[in-house]
Amino acid sequence: MKKYRVSFEPFGKTIDAPSDKNLFDVARKAGIELNSSCGGEGTCGKCKVIVKEGEFRTDSTTKLSREEIAKGYVLACQTTALSNLSLEVPHESIMRKGQKIATGARARELERLLKNLDKEIKPRTRTIALAFPPPDLEDNISDTDRVKRELSTLGFPPERVFCSLKFLRGLNHILREGNWKITLTTIERGNTLEVIGIEAGDTTGLRYGLAIDIGTTTIVLYLVNLIDGKIIDVASTYNSQARCGDDVITRIVYATERGGLGELNSLVISDINGLLNILTQKRNINPVLIDSIVVSGNTTMTHLFFGIDPR
Ligand code: FES
């Protein structure tokens, strides 16, 4: 496979691009997000770039005017390099990301609604603080049995407690780090109490949850204090899946016919993780203390979030 050097102005970026990759994908690899609402089908005309120098092959120019073609405009998603290329990305083709979306009013409205509901805050998860006597020669049962014994005094018999392998891997270290005081995050599934998290010390007074609204255009993330139900902060971003199509139908086609399900799933997860990082850093909150997440979205958005084929 041949490779060509492709440079992007005004970004001052140059990367090696395989000759079979279209310029839309090459730009993405260079960290440049171009606008798109057709998922690279060549029908929206939003991914225009200007070829300043070099040879290329382009499959469709239907969305370009005669003047634009004369000036060197091409649709990035329809064009591949045949030599080293020097490109200019016009302002209107650059995806606007990370812009502030007005969410303050939504948060306030949500808070008012929650207040009026006058409901008790009841997350599905529950945190339990435990304190143990350290082991000695008389009392040398395993760490897991020690946790189960303590839980049984709170009404959870050992046969009803399930500890995952992930939990067991962290247990001995955290027990000692916390000087035999820990906080378990648990969830009741039927008759079983499943331990899903463990923290050193008593962290029951610090509990956080997320409410995530995945819209086709925007993603909004609310960080909630699970002790008093207050919304601590809100962050939002444009849904990066837009580069694979503006509307749900285009994204379903992108996921199913173009094998892009994994990509769409990663895009929404990375948008959410990005917002989560911003909020936890800003509020100085350990993300481990977030133990409940509620996600809402339309049918297509929820399928893509869970990585389920929306066909
Ligand atoms: S025309 Fe290229 S992404 Fe739509």
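Residues numbered from 1 in each chain as written. Predicted model: local features only at pLDDT ≥ 70, side-chain atom pairs only at ≥ 80, totals over all residues. Heavy atoms only, no water.

Some remarks on helix α5 (residues 165-177)
Filter applied, for reference: Numbered from the N terminus, helices here are DSSP runs of H or I no shorter than four residues, and strands are runs of E no shorter than two. For a helix, the expected span equals 1.5 Å multiplied by the residue count minus one. Axes are fitted to the seven residues ending at a residue and to the seven starting at it; the angle between these axes is taken as the bend at that residue. Exposed residues in this analysis have more than 50% of their type's maximum accessible area, buried residues have under 20%, and partly exposed residues fall in between, with area computed by a 1.4 Å probe over protein chains only.
The first and last C-alpha atoms of α5 sit 19 Å apart over 13 residues, in line with the 18 Å expected at 1.5 Å per residue. Of all bends in α5, the biggest is about 45°, found at Leu-171. Every buried residue of α5 is listed here: Phe-167, Leu-171, Ile-174 and Leu-175. Among the residues trailing α5, Asn-179 stands out with phi positive, at a value near 55°.

Regarding the sheet that holds strand β2 (residues 13-18)
This is how it is decided: Two strands are said to pair when DSSP picks up at least two bridges between them. All axes here are fitted lines through C-alpha atoms, helices being fitted over the stretch that makes contact, and every angle between N-to-C directions spans 0 to 180 degrees.
On the basis of which strands lie adjacent, the open sheet formed by five strands has the order β2-β1-β7-β3-β5 and mixed pairing. Of all strands in the sheet, those with a lone pairing partner are β2 and β5 (73-75), marking the two edges. This sheet shows a mean twist of 40° between the axes of neighbouring strands, independent of strand direction. Alignment of strand β3 (residues 48-53) against strand β7 (residues 85-88), held across three bridges, turns out to be antiparallel. Bridge pairing in β7 places Glu-53 opposite Ser-86.

Regarding the sheet that holds strand β11 (residues 192-200)
The line we're drawing: In what follows, a contact means two residues having at least one pair of non-hydrogen atoms within 4.5 Å.
In spatial order, the strands read β8-β10-β11-β9; together these four strands make up an open sheet with mixed pairing. The open sheet has two free edges, formed respectively by β8 (125-131) and β9 (161-163), since each of these has just one partner strand. Direction aside, the axes of adjacent strands within the sheet are offset by 35° on average. Examined bridge by bridge, β8 and strand β10 (residues 181-189) share seven bridges and lie antiparallel to one another. Its bridge partner lying in β10, Ala-129 is registered against Thr-183. Helix α4 (residues 143-153) contacts β8, β9, β10 and β11 of the sheet and is inclined by roughly 105° relative to β8.

Looking at the side chain of Glu-33
Our working definition: Two N or O atoms count as a polar contact when they lie within 3.5 Å, although within protein this holds only if one can serve as hydrogen donor and the other as acceptor, and sequence-adjacent residues are included solely when both atoms are side-chain atoms.
Considering the arrangement of structural elements, one finds Glu-33 in the loop between α1 (23-29) and β3. Overall, the relative accessible area of 18% leaves Glu-33 in the buried class. Within the structure, the side chain of Glu-33 is placed 2.3 Å from the side chain of Arg-243, a separation counted as a polar contact. The contacts of Glu-33, once residues within four sequence positions are left out, are Arg-28, Ser-93, Ile-94, Met-95 and Arg-243.

A look at the domain arrangement of the chain
How big an interface is tends to be reported as the loss of accessible area on association of its parts. Our working rule: For every domain, the bounds stem from an assignment made automatically or drawn from a database. Buried area is calculated as the accessible area (1.4 Å probe) missing from two parts once they are joined, with the contributions of both summed. One speaks of a salt bridge when a side-chain nitrogen belonging to Lys or Arg is within 4 Å of a carboxyl oxygen belonging to Asp or Glu. Any residue that is not Ala, Val, Leu, Ile, Met, Phe, Trp, Tyr, Cys, Pro, Asp, Glu, Lys or Arg is counted as polar, Gly included; the first ten are nonpolar and the last four charged.
Along its sequence, the chain is organised into domain 1 (3-93), domain 2 (104-120 + 207-306) and domain 3 (125-200). Taking only C-alpha atoms into account, the centre of domain 1 sits 31 Å from that of domain 2. Domain 1 puts eleven residues into the contact, and the matching count from domain 2 is nine residues. The junction of domain 1 with domain 2 conceals about 700 Å² of combined surface from both sides, 33% of it contributed by carbon and sulfur atoms. Together, Arg-28, Ser-37 and Gly-39 form the three largest contributors to the area buried by domain 1 at its contact with domain 2, with a combined 54%. Linking domain 1 with domain 2 are three salt bridges, by the criterion used here. Among the ionic pairs, Arg-243 bridges to Glu-33, the shortest N-O distance being 2.3 Å. Applying the counting criterion to the domain 1 and domain 2 interface returns four residue pairs in polar contact (both at pLDDT 80 or more). Grouping the constituent residues of the side of domain 1 that touches domain 2 by class yields three nonpolar, four polar and four charged.

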